Amino acid sequence: MKKIEATIQKQDMLCIEAAAGPTGFAVFGASGDLAYRKLYPSLYELYRRDLMSDHFYVLGCGRSEYTEQNFQDSVEKSLRQDLDTFDEAKLKAFVKHFSYVSGSYEDEAFYQEICENLLNLDERFDVSGARIFYLSVPPFLYETVVEKIGQMKLQCPAISGRLQQVRLVVEKPFGRDLASARQLDDVLHRYFQESQIYRIDHYLGKETVQNLLIFRFANSIFEPLWNRNYIDHVQISVAEQVGVEHRAGYYDRSGALRDMFQNHLLQMLALVAMEAPVSFEADRIRDEKVKLLRSVRPLSAADVDKYFIRAQYTHGVIDDKSVPGYRQEADVPADSITETFVAAKLFIDNWRWKDVPFYLRTGKRLKRKLTEIVITFKSVPHSMFQMEGLDDLPPNVLRFQIQPQEGMYLSLQAKRPGSKICMSTLEMAIDYQEVFGVKMPEAYQRLLLDCMLGDQTLFTHHDSILASWEILMPVLESWSQEKEIASYPADSEGPDSQATLWPDSACGWSQL
Ligand code: BG6
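Residue indices follow the written sequence of each chain, beginning from 1 at its first position. Where totals are concerned, whole chains, interfaces and linings use all residues; where local detail is concerned, this predicted model gives features only for residues with pLDDT of at least 70, and gives and counts side-chain atom pairs only at 80 or more. The side-chain values count all of the structure's non-hydrogen atoms but skip hydrogen atoms and water molecules.

Caption draft 1: Representation of the site of the ligand within the structure. Close contacts around the ligand come from Lys172, His202, Tyr203, Lys206, Glu240, Arg247, Asp259, Met260, His264, Lys364, Lys369 and Gln403, and that covers them all. Here a polar contact means two N or O atoms within 3.5 Å. Within protein one must be a hydrogen donor candidate and the other an acceptor candidate, and residues neighboring in sequence count only if both atoms are side-chain atoms. Take Glu240: an N or O atom from its side chain is 2.5 Å from an oxygen atom of the ligand. Taking Lys369, its side chain carries an N or O atom lying 3.0 Å from an oxygen atom of the ligand. Method for areas: the Shrake-Rupley scheme with a 1.4 Å probe, in which residue coverage is limited to the protein chains shown. Bound to the protein, the ligand loses 83% of the 400 Å² it would expose on its own. Helix numbers and strand numbers start at the N terminus; a helix is a DSSP run of H or I with at least 4 residues, a strand a run of E with at least 2. It is helix α9 (residues 248–273) that contributes the most residues to the shell around the ligand, 3 residues altogether. Consider each residue's heavy atoms; a residue with any of them within 4 Å of a molecule or strand counts as near.

Caption draft 2: Local environment of the nonpolar core. In this structure, Phe28, Tyr40, Phe261 and Phe308 are the most contacted members of the largest nonpolar core, which totals 154 residues. The element best represented in this core is α9, accounting for 14 residues. Residues in contact with Phe28, not counting those within four places in the same chain, are Cys61, Tyr105, Tyr111, Ile114, Phe133, Tyr134, Leu135, Ser136, Val137, Val145 and Ile149. In this description, a nonpolar core means a group of buried Ala, Val, Leu, Ile, Met, Phe, Trp, Tyr and Cys residues linked to one another through side-chain atoms lying within 4.5 Å. Exposure classes here rest on a 1.4 Å probe applied to the protein chains alone. A residue is buried below 20% of its type maximum, exposed above 50%, and partly exposed in between. Contacts: residue pairs with any heavy atoms within 4.5 Å of one another.

Caption draft 3: Geometry of the pattern of salt bridges. Between Lys or Arg on one side and Asp or Glu on the other, a salt bridge is scored when a side-chain nitrogen of the former is within 4 Å of a carboxyl oxygen of the latter. Going through the model one piece at a time under the given rule, you end up with 30 salt bridges. Residue Glu442 is joined to Lys38 by a salt bridge in which the shortest nitrogen-to-oxygen separation is 3.6 Å. Taken together, the residues Glu442 in the loop between α12 (432–436) and α13 (443–453) and Lys38 in helix α1 (residues 33–48) connect sequence positions 404 residues apart. Taking the relative accessible area as the measure of exposure, Glu442 reaches 30% and is therefore partly exposed. Exposure remark for Lys38: the relative accessible area of 21% places this residue in the partly exposed category. A single network of salt bridges, built from pairs that share partners, joins Glu76, Arg80, Glu88 and Lys92.

Caption draft 4: Examining the layout of surface pockets more closely. Detection works on a 1 Å grid of protein atoms alone, calling trapped sets that fit a 1.4 Å probe cavities and calling open sets with protein on both sides within 12 Å along at least five of seven lines pockets, with lining residues defined by an atom within 4 Å of a point. Grid points are joined across faces, edges and corners, and a volume is the space filled by probe spheres set on the points. By volume, the second largest pocket is sized at about 910 Å³. Looking at the second largest pocket, it is lined by 44 residues, and the ones nearest its centre are His233, Thr376, Pro395, Val397 and Cys507. Elements with a minimum of two residues in the lining of the second largest pocket: β8 (231–239), β14 (370–377), β15 (397–403), β16 (407–415) and β17 (423–431). Considered class by class, the residues forming the lining of the second largest pocket number 18 nonpolar, 13 polar and 13 charged. Gly counts as polar in this scheme, as do all residues outside two lists: the nonpolar Ala, Val, Leu, Ile, Met, Phe, Trp, Tyr, Cys and Pro, and the charged Asp, Glu, Lys and Arg.

Caption draft 5: Representation of the packing of α1 against α13. Close contact between α1 and α13 brings their axes to 9 Å; oriented N to C, the two are set at 70°. Put simply, α1 runs roughly perpendicular to α13. For the element pair α1 and α13, the recorded crossing hand is right-handed. Listed contacts from α13 to Leu34, Lys38, Leu39, Ser42, Leu43, Glu45 and Leu46 of α1 are Tyr444, Gln445, Leu448, Leu449 and Met452. For the contact of α1 with α13, the per-class residue count stands at 8 nonpolar, 2 polar and 2 charged. The axes are straight lines fitted to the C-alpha atoms, using for helices just the contacting stretch, and the angles between their N-to-C directions are given from 0 to 180°. Throughout this description, any angle smaller than 35 degrees is read as roughly parallel, any larger than 145 degrees as roughly antiparallel, any in the 65 to 115 degree range as roughly perpendicular, and the remainder as oblique. Here a crossing is taken to be left-handed if its near helix is turned anticlockwise relative to the far helix by less than a right angle, and right-handed if that turn runs clockwise.

Caption draft 6: Molecular detail of the environment of Ala467. Looking at the secondary structure, you find Ala467 in helix α14 (residues 462–480). Taking the C-alpha atoms as reference points, Ala467 and Leu266, 201 residues apart in sequence, are found 9.9 Å from one another. Apart from residues no more than four positions distant in its own chain, Ala467 is found in contact with Leu293 and Arg294.

Caption draft 7: Quick look at the side chain of Arg167. Residue placement: Arg167 occurs in strand β6 (residues 166–171). Charge counting follows a simple rule: Lys and Arg are positive, Asp and Glu are negative, and His as well as the terminal groups are ignored. Although buried, Arg167 forms no salt bridge, and the nearest oppositely charged side chain, Asp450, lies 9.9 Å from it. Within the structure, Arg167 has its side chain in polar contact with the backbone oxygen of Cys451 (distance 2.7 Å). When neighbours within four sequence positions are excluded, Arg167 is seen to be in contact with Ala130, Arg131, Ile132, Phe133, Gln196, Tyr198, Cys451, Met452, Leu453 and Gly454.

Caption draft 8: A look at the environment of Phe358. Examined against the element boundaries, Phe358 turns out to sit in strand β13 (residues 358–363). Along the sequence, Phe358 and His233 sit 125 residues apart, while their C-alpha atoms lie 5.9 Å from each other. Leaving out residues up to four positions away in the same chain, Phe358 has contacts with Val234, Leu269, Ala273, Ala344, Lys345, Leu346, Ile348 and Trp353.

Caption draft 9: Region of the structure containing α1. Helix length check: α1 (16 residues) gives 22 Å between terminal C-alpha atoms against 22 Å at 1.5 Å per residue, within 8%. The axis of α1 is deflected most strongly, by about 30°, at Leu39, and proline Pro41 appears within four residues downstream. By the burial criterion, the buried members of α1 are Ala35, Tyr36, Leu39, Tyr40, Pro41, Ser42, Leu43, Tyr44, Glu45, Leu46 and Tyr47. Once α1 ends, the next one or two residues include Asp50, with phi positive near 60°. Helix span, as expected, comes to 1.5 Å for every residue beyond the first. The angle between axes fitted to the seven residues ending at a residue and the seven residues starting there is what we call the bend at that residue.

Caption draft 10: Highlighting the packing of helix α2 (residues 68–82) against helix α3 (residues 88–95). Close contact between α2 and α3 brings their axes to 9 Å; oriented N to C, the two are set at 145°. In this structure, α2 meets α3 at a crossing whose hand is right-handed. Judged by residue contacts, Gln72, Val75, Glu76, Leu79 and Arg80 of α2 engage Glu88, Leu91, Lys92, Phe94 and Val95 from α3. Across the contact of α2 with α3, the residue classes tally to 5 nonpolar, 1 polar and 4 charged.

Caption draft 11: Broad picture of the sheet that holds strand β5 (residues 130–135). A pair of strands is labelled paired if DSSP reports no fewer than 2 bridges between them. Pairing is parallel across the open sheet formed by 6 strands, whose spatial order is β4-β3-β2-β5-β6-β7. Every interior strand has two partners, whereas the edge strands, β4 (98–102) and β7 (197–200), have only one. On average, each strand axis in the sheet is tilted by 20° relative to the strand beside it, whichever way the strands run. Two elements, strand β3 (residues 56–62) and β4, share 5 bridges in a ladder whose sense is parallel. Bridge pairing in β4 links Val58 to Phe98. The strands touched by α13 within the sheet are β2 (23–28), β5, β6 and β7, with β6 carrying the most contacts at an inclination of about 155°.

Written as structure tokens, this is what we have:
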């Protein structure tokens, strides 16, 4: 396929990047993997780019014992290892804003100490603005920590300033099914209003995922085609090359359906398929997403096998290196039937999408890392080139590539120079990094900045969470009865059974 490239026509027609005001963070699970890999590097990057006020602090709260100095040293060391480039002076200044308090999550004295530290740090860094409680602890601790924050009144305006400036950030998973998601929400809502709760789905912070909104609702040429009359089917794939890594303890209890499908994939589905919101406001966008998720055709238990496929990876060779099967990974039970791959066919029962299949899949240890949304349009109704042997013309395909390289691609048929009828498929390509000449920011940077700014647009509303668990409940119930699971070799495209979701063999999953 030939490629034609895009250039920027009008520079920065609209580019607003507001900087956050004074903010104090209380990070629970401050010495954990997520905090070191995502939070601190993203905060540093925002600080380096002057998108954060100098009036900020991070109070690390956790079980590990650290003094303030140890904690600062350890954050600095890890940033030096992680970041490709850093500004020496800024890095030194940045870590000076870090402090630490250790204790047990169940212990009231720990929260008392946190409270005293927060008040001191407010004064030391002159922060009288937002206070953000960040739950970076394992999900089984969410309720405990929030209950304690609530009981000790750390979230109360008397201690923390104005109500709307006190925020709670929660990482997925938001429950493990509908009942537990409701229960978690009850606890969160006991102490925080919905407008204070920021549920992170980091896929919503990815540039191309956000670009779906701009692409769909700031251009007029595609929206008239964005429906059952012109679109044949939609695919959403999140393929990973990595295995379970060192997270078996969590992953084996979750599996791909809970870990990726319930959140990242269904959120992308909602953005691709929702109706146009009336304005670019958090609640208006979130309303449309919820409406869309509620329109997903419900499954009966008997239909699950027809619409959902699951499997688990076995060993294989990736880049000349032998990799273990899921059951041989550290801390995975040898008889685990947790799925590492899910594929599904969903329908959306509304006027726009009736009977258009949406194919969604995600898996670990697949051939390559690729996240993409592929919109396949209907083929032309009649080929006037039949006489020339060109009967079945390939359909136009629009691809939003989210990873590894962010970009948009549209395939078109065109005449190739030469004999009278000679056709080629061309691809119009917009490679974000090439076009804009900047490295795509880490999703957490966008999300942390928005949280400090009090913008919930890219965070998940609890209605959305409940709607997505409702879609998946029959699947979870049906799978919980199963005693075994199909397999696929590492470094493959997943199990062959995923092909059975397609009505005929003329089309199928896009290649990994
Ligand atoms: C996380 C999942 O939410 O997303 C992981 O828990 C997964 O299992 C990760 O590996 C993938 O994120 P990304 O941004 O690398 O596609």
